[in-house]
Amino acid sequence: MSPSNRYGLLGAPGFAVAAIAMFLAVTAQAMASSYMTLLAVERAGMSPFELGLFLTLSGISSIGATSLFARTFDSRPRLCPLALPLALAALGYSLCTVIVDRWALMIVAFLLLGPATASFALICAVAKGGLDQRGSALAAQGMAALRMIASLSWVIGPALGAFLIHVWSYAGVYGVASSCSLAAFVALFAFRPPMMPAVTTNEKVRPIAFRWAIQAALALTFFNIAMFMGSTALSIVVVNDLDASERDVGLMFSLCAAVEVIVMALFVLVPAKRANRSLLVAGFAVFSLYFLSVALLPMLQVMYGAQVLRAVGIGIISVGGMQLLQELNPGRAGTASALFANTTNAGWLVAGIATGTWAELFGYHSVFGLCAALSFFGGVLVVSGSSLLAAETKSSRA
């Protein structure tokens with residue numbers, strides 16, 4: 001048995017440093033994002049319109065930069081496309097410790113903070129190349145592990161940020177976020193993971209891969225819109241309609257995050273060589289069931305219990321969705337990871353605009369029903385895409 005196989009994931013080229021970089025980079029993003037709105041409103045004095053513009057500029061530049069860096073990496077795998085977002089993050093967060101002007105903060109968001117989020121997709125692409133050298137099962141296990149690490153960072157980051165803002169205000173939050181991004185940058189150059197292209201597999205489905213990938217990405221975008229809209233509605237409904245406290249909201253999000261990490265850990269322990277379409281559809285069904293339960297039974301106990309459904313849906317769709325997009329983009333790990341990341345960015349942008357508009361017309365509680373519908377249609381897109389793929393594969397064999 002070779003050393004690489006004996007040590008599993010840790011033996012895969014570059015995986016250990018990719019895992020370290022993922023933890024540091026996403027922890028920095030989680031800390032910074034948790035207080036970005038407050039930074040813009042309380043310290044920079046942005047109006048609601050200016051805040052919307054600020055968040056939109058950041059989201060647009062994130063989508064564009066992620067796509068550009070990923071294509072650059074796929075055309076020629078090298079460290080620069082990953083190192084650049086981490087360097088931009090370190091600089092952008094450090095500037096957030098001192099900037100108080102609203103327009104200067106908008107420029108920083110567009111030029112630095114938005115492109116900084118591309119690090120997630122590029123870390124996945126770097127790791128995928130090395131993992132593919134050890135077989136599809138280990139590649140699936142590694143991708144699930146990285147997604148789990150990212151979720152764990154979102155558990156730790158906001159909690160750490162809450163402590164830092166209490167003892168050191170915004171300078172503490174963004175100073176430590178900058179340090180984490182810089183540490184990830186240094187780790188990459190200190191250990192220099194090998195730059196390997198992802199292994200090209202599944203060539204038979206390439207004629208329809210683009211169409212199916214776009215359909216899968218749309219399904220994941222629906223999922224992310226529902227997730228972000230539902231999170232906003234949950235916070236407001238629990239406090240305003242159910243007369244609970246902000247503490248209950250925090251406990252619900254913590255419960256969901258903890259169960260989500262457990263679900264993703266199962267994918268690490270029991271990796272699948274190929275994306276399981278049926279399981280992915282089941283994830284959309286569970287996510288839709290979560291929204292239906294909180295919409296039809298608006299009670300605090302139900303809200304708490306339903307977080308398990310929410311976590312299961314998020315865990316399955318996040319891991320299975322990334323694996324599916326990677327299968328549909330063989331040999332283009334950067335493009336696949338960027339497409340996955342941009343479904344999150346697009347979902348966040350649409351949710352930010354749609355939540356307020358929908359709630360103004362129908363109330364925040366009705367948002368849950370809309371999210372259930374979005375989750376259902378996401379599942380329908382996966383089912384129809386799978387049928388398309390099966391029919392095309394059968395036709396090509398005939």
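Preceding this section is the structure that the text describes.
Visitor: Got a minute to help me understand unusual backbone geometry in this structure?
Guide: Trans is the common state for peptide bonds, and a negative phi is the common state for residues other than glycine. Phi is positive for Arg192, close to 45°, though the residue is something other than glycine. Considering the arrangement of structural elements, one finds Arg192 in the loop between α8 (136–191) and α9 (206–241). For Arg192, a relative accessible area of 52% gives the class exposed. Non-glycine residue Asp243 carries a positive phi angle of around 55°. With respect to the helices, strands and loops of the structure, Asp243 is situated in the loop between α9 and α10 (246–269).

Visitor: In this structure, what is going on with the environment of Asp248? I would like to understand it.
Guide: Mapped onto the elements of the fold, Asp248 is located in helix α10. Among the residues examined, Asp248 registers a relative accessible area of 13% and is labelled buried. Setting aside residues no more than four positions away along its own chain, Asp248 makes contact with Val238, Leu300 and Tyr304.

Visitor: I would appreciate a short explanation of the packing of aromatic side chains in the present structure.
Guide: Aromatic ring pairs are reported here in terms of the distance separating the ring centres and the angle at which the planes meet. Taken as a whole and assessed by the stated rule, the structure comprises 10 aromatic pairs. An angle of 55° between the planes, with centres 5.1 Å apart, marks the rings of Phe223 and Phe287 as tilted. Remark: Phe287 occurs in helix α11 (residues 277–296) and Phe223 occurs in helix α9; sequence separation between them is 64 residues. No difference in accessibility class separates Phe223 from Phe287, as the two residues are buried. Ring centres of Phe376 and Phe377 lie 5.6 Å apart, and the angle between their planes is 70°; on these two criteria the pair is classed as edge-to-face. Taken together, the ring pairs in this structure connect Phe223, Phe284, Phe287, Tyr290 and Phe291 into an aromatic cluster.

Visitor: Sorry if this is basic, but what is going on with the packing of α11 against helix α12 (residues 300–328) here?
Guide: Angle between the axes and distance between the axes are the two parameters that describe a pair of packed helices. Relative to each other, α11 and α12 sit at 150°, their axes nearing to 8 Å. By the angle between their directions, the pair α11 and α12 is classed as roughly antiparallel. Note on packing geometry: the crossing formed by α11 with α12 is left-handed. Grouping the amino acids of the contact of α11 with α12 by side-chain chemistry returns 18 nonpolar, 6 polar and 3 charged.

Visitor: I tried to follow the pattern of salt bridges on my own but got confused; where do I start?
Guide: Per the counting criterion, the structure on display carries 4 salt bridges. A salt bridge links Lys128 to Asp132, with the nearest nitrogen and oxygen atoms 2.9 Å apart. Of this pair, Lys128 and Asp132 both sit in helix α7 (residues 119–132), separated by 4 residues, roughly a single helical turn. Relative accessible area serves as the criterion here: at 12%, Lys128 is assigned to the buried category. Classification of Asp132 as buried rests on a relative accessible area of 13%. Across the pair Arg277 and Glu327 runs a salt bridge whose closest N-O atoms are separated by 3.2 Å. You can see Arg277 sitting in helix α11 and its partner Glu327 sitting in helix α12, a full 50 residues away along the chain. Looking at Arg277, the relative accessible area reads 14%, which means it is buried.

Conventions adopted
Counting restarts for each chain: residues are numbered from 1 in the order of the written sequence. Local features in this predicted model are restricted to residues of pLDDT 70 or higher, and side-chain atom pairs are both shown and tallied only at a pLDDT of 80 or more, whereas totals for entire chains, interfaces and linings draw on every residue. Only hydrogens and water are removed before side-chain values are computed, so all heavy atoms of the structure are retained for them. Under the scheme used here, helices are H or I runs from DSSP no shorter than 4 residues and strands are E runs no shorter than 2 residues, and both carry numbers assigned from the N terminus. Remark: exposure states derive from per-residue accessible area (1.4 Å probe, protein chains only) relative to the maximum for the residue type, with buried under 20%, exposed over 50%, and partly exposed in between. We call two residues contacting when some pair of their heavy atoms lies within 4.5 Å. Pairing of aromatic rings covers Phe, Tyr and Trp, the last counted by its six-membered ring, and requires centre-to-centre distances within 6.5 Å; plane angles under 30 degrees mean stacked, over 60 mean edge-to-face, and any other angle means tilted. Angles run from 0 to 180 degrees between N-to-C directions of axes, and those axes are lines fitted to C-alpha atoms, restricted for helices to the stretch in contact. Comment on the angle field: the value is read as roughly parallel under 35 degrees, roughly antiparallel over 145, roughly perpendicular from 65 to 115, and oblique elsewhere. Two helices cross in a left-handed way if the nearer one is turned anticlockwise from the farther one by less than a right angle. They cross in a right-handed way if the turn is clockwise. Here the nonpolar group is Ala, Val, Leu, Ile, Met, Phe, Trp, Tyr, Cys and Pro; Asp, Glu, Lys and Arg are the charged ones; every other residue, Gly included, is treated as polar. Here a salt bridge means any side-chain nitrogen of Lys or Arg lying within 4 Å of a carboxyl oxygen belonging to Asp or Glu.

Such coordinate-based values are descriptive only and should not be taken to indicate function.
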